[in-house]
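# Examining the three-dimensional arrangement
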Amino acid sequence: MCRRRPRGRVSPGWCTVPRTDGTAPITVAPLERADLAAADRVFRLAFGTILGLEEPLRFADGADPIRSRWTASPDAAFKAVLDGELVGSAFVRRWGSFAVFGPLTVRPDLWERGIGSRLWDACLPVVDGWDVSQTGLFTFAESTKHVHLYRKHGFWPRFLTALTEKPLAGAAVSVETLATLGDRDRAEALEACRAIAGAIFPGLDLAREIETVMEQDVGDVVLVRDEAAVAGFAVCHVGPGSEAVRGTCYVKFAAVCPGDRPRELLGALLDSCESFAARRGATRLEAGVSLAREGAAQVLAERGHRTFRQGVGMHRPNGEAFNRPDAFVLDDWR
């Protein structure tokens, strides 16, 4: 049994901290495959409750982010257990030199018990071990409770993040994706994707997100070229088992080369994403963008995307990372 730390913080791994109020202790431990159904239920119940849905468990209907993220990085996922029952979970992902924290969810009847802080404490050694330069997360801008929680742990709120959507009419352009390439061309395209990300933010690397989509067969990576060279890519989730809600293609991350005409390239990449989505049976395209990336946000707006929800990006430590006007990047850190 661990010694109690100030403010109820605990070490990661199998660690129990006794409470002084007579209630049962909370156990924080690595999330296991057998926990996924329970973690998924808490995830939907928590977010559905926050958003005021009549049926909270229908939040993100058709999407499967808990299973997808655990499968991608099982060593970076944790659970909170009370009386033998899973009551919360948290995940962290590595994008090279940048880490993304979340989602963190706790069963609503146990909010205000410090469980979220304990789950972050479990994730922190993982993040520190990666030696990333920054960590980011998405939370509800209107929730002082959430912003305060993350500020306690070194995160700082910066720009709003817009979650956007666009209805799709059909495929209009030809599409090149990683799945359509031979082994040699695919390897070259992956190197180009790494180079594009690294040019936007030193060490940024979406290789694990790309591998997740391809290995789990839950989407594809859409490519756009400038003459013969890959100049942009989009990691797209679609269909059962993916992180996309039903009927939707979710652009989890997209970027184009910095340079003379990033607006044109991002527009071409979105054309290809729309055609890819339509061909996979989706009727809606979803993409997020930090409003610090003024140019990228304007491209989405000009192409008919509308914001259906917004949050705030929080950074640890407080710095812009790749949330800058010159970064033509789409993502949302959910």
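Residues numbered from 1 in each chain as written. Predicted model: local features only at pLDDT ≥ 70, side-chain atom pairs only at ≥ 80, totals over all residues. Heavy atoms only, no water.

## Concerning the packing of helix α2 (residues 65-72) against helix α6 (residues 207-216)
Across the interface, α2 lies against α6 with an axial gap of 10 Å and an inter-helix angle of 115 degrees. Classed by the angle they form, the pair α2 and α6 counts as roughly perpendicular. Here α2 and α6 pass one another in a crossing that is right-handed. Residues Arg67, Ser68, Thr71 and Ala72 of α2 form the contact with α6, whose participating residues are Arg208, Thr212 and Gln216. Residue composition of the contact of α2 with α6, grouped by class: 1 nonpolar, 4 polar and 2 charged. (Axes fitted to C-alpha atoms, helices over the stretch in contact; angles between N-to-C directions. Helix = DSSP H or I, 4+ residues; strand = E, 2+ residues; numbered from the N terminus. Parallel < 35°, antiparallel > 145°, perpendicular 65-115°, else oblique. Left-handed = near helix turned anticlockwise from the far one by under 90°. Contact = heavy atoms within 4.5 Å. Nonpolar A, V, L, I, M, F, W, Y, C, P; charged D, E, K, R; others polar.)

## Thoughts on the pairing of strand β6 (residues 134-139)
Buried residues dominate β6, accounting for 6 of its 6 residues. Alternating positions in β6 separate into two faces, Gln134, Gly136 and Phe138 on one and Thr135, Leu137 and Thr139 on the other, with burial throughout. The pairing of strand β5 (residues 98-106) with β6 spans 3 bridges and is parallel. The partner of valine 100 across the bridge, within β6, is glycine 136. Taken together, β5, helix α3 (residues 115-130) and β6 form a β-α-β motif whose crossover is right-handed. Here β6 pairs with strand β13 (residues 306-316) via 5 bridges, running antiparallel. Residue pairing across strands places threonine 139 opposite valine 312, the latter belonging to β13. (Buried < 20%, exposed > 50% of the residue type's maximum accessible area, 1.4 Å probe, protein only. Pairing = 2+ DSSP bridges. Right-handed = clockwise from strand over helix to strand, strands pointing away.)

## Notes on the packing of aromatic side chains
Counted according to the given criterion, the structure contains 17 aromatic pairs. Ring plane angle 75 degrees and centroid distance 4.9 Å describe the contact between phenylalanine 101 and tryptophan 120, whose orientation is recorded as edge-to-face. Of this pair, phenylalanine 101 sits in strand β5 while tryptophan 120 sits in helix α3, placing them 19 residues apart in sequence. Joined through ring pairs, the aromatic side chains of Trp95, Phe98, Phe201, Phe233, Phe253, Phe322 and Trp333 make up one cluster. Across the ring face of phenylalanine 308, the terminal group of arginine 284 is positioned such that the distance to the ring centre comes to 5.1 Å. (Phe/Tyr/Trp six-rings, centres within 6.5 Å; stacked < 30°, edge-to-face > 60°. Lys NZ or Arg CZ within 6 Å of the ring centre and 35° of its normal.)

## What about the environment of cysteine 249?
Topologically, cysteine 249 is positioned in strand β11 (residues 248-256). When its relative accessible area of 0% is taken as the criterion, cysteine 249 is described as buried. It is 26 Å that separates the C-alpha atoms of cysteine 249 and alanine 38, two residues lying 211 residues apart in sequence. If we skip the residues at most four places from it in the chain, cysteine 249 touches Cys236, His237, Val238, Phe276, Ala277, Ala282, Arg284, Leu285 and Glu286.

## With respect to the pairing of β11
Along β11, 9 of the 9 residues are buried, which leaves the element largely enclosed by surrounding structure. Judged from the 7 bridges that link them, strand β10 (residues 229-238) and β11 form a sheet pairing that is antiparallel. Residue pairing in the sheet places glycine 232 in a bridge with valine 256 of β11. When β11 meets strand β12 (residues 284-290), the two strands line up parallel, connected through 4 bridges. Bridge assignment links threonine 248 to a residue of β12, and that residue is arginine 284. Traced from β11 through helix α7 (residues 262-279) to β12, the parallel crossover comes out right-handed. For β11 and strand β14 (residues 329-330), the ladder comprises 2 bridges, and the chain directions are antiparallel. By the bridge assignment, alanine 255 is partnered in β14 with valine 329.

## Looking at the side chain of threonine 177
Along the chain, threonine 177 falls in strand β8 (residues 176-177). When near neighbours in sequence (up to four residues on either side) are disregarded, threonine 177 contacts Asp220, Val221, Val222, Leu223 and Phe276.

## What about the environment of alanine 277?
Tracing the backbone shows alanine 277 in helix α7. Overall, the relative accessible area of 0% leaves alanine 277 in the buried class. Taking the C-alpha atoms as reference points, alanine 277 and tryptophan 333, 56 residues apart in sequence, are found 21 Å from one another. Apart from the residues lying within four places of it in its own chain, the contact partners of alanine 277 are Leu168, Cys249, Ala282 and Leu285.

## Observations regarding the pattern of salt bridges
Using the criterion set out here, one finds 30 salt bridges in the structure. As a salt-bridge pair, aspartate 40 and arginine 44 come within 2.8 Å of each other at their nearest N and O atoms. With aspartate 40 and arginine 44 both in helix α1 (residues 36-50) and 4 residues apart, the pair spans about one turn of that helix. With a shortest N-O distance of 2.8 Å, arginine 293 and aspartate 331 are connected by a salt bridge. Residue arginine 293 is found in the loop between β12 and α8 (294-302), and its partner aspartate 331 is found in the segment after β14; the two are separated by 38 residues along the sequence. As far as burial versus exposure is concerned, arginine 293 and aspartate 331 are alike and both buried. One salt-bridge network, in which partners are shared between bridges, spans Arg69, Arg93, Glu209, Glu243 and Lys252. (Salt bridge = Lys/Arg side-chain N within 4 Å of Asp/Glu carboxyl O.)

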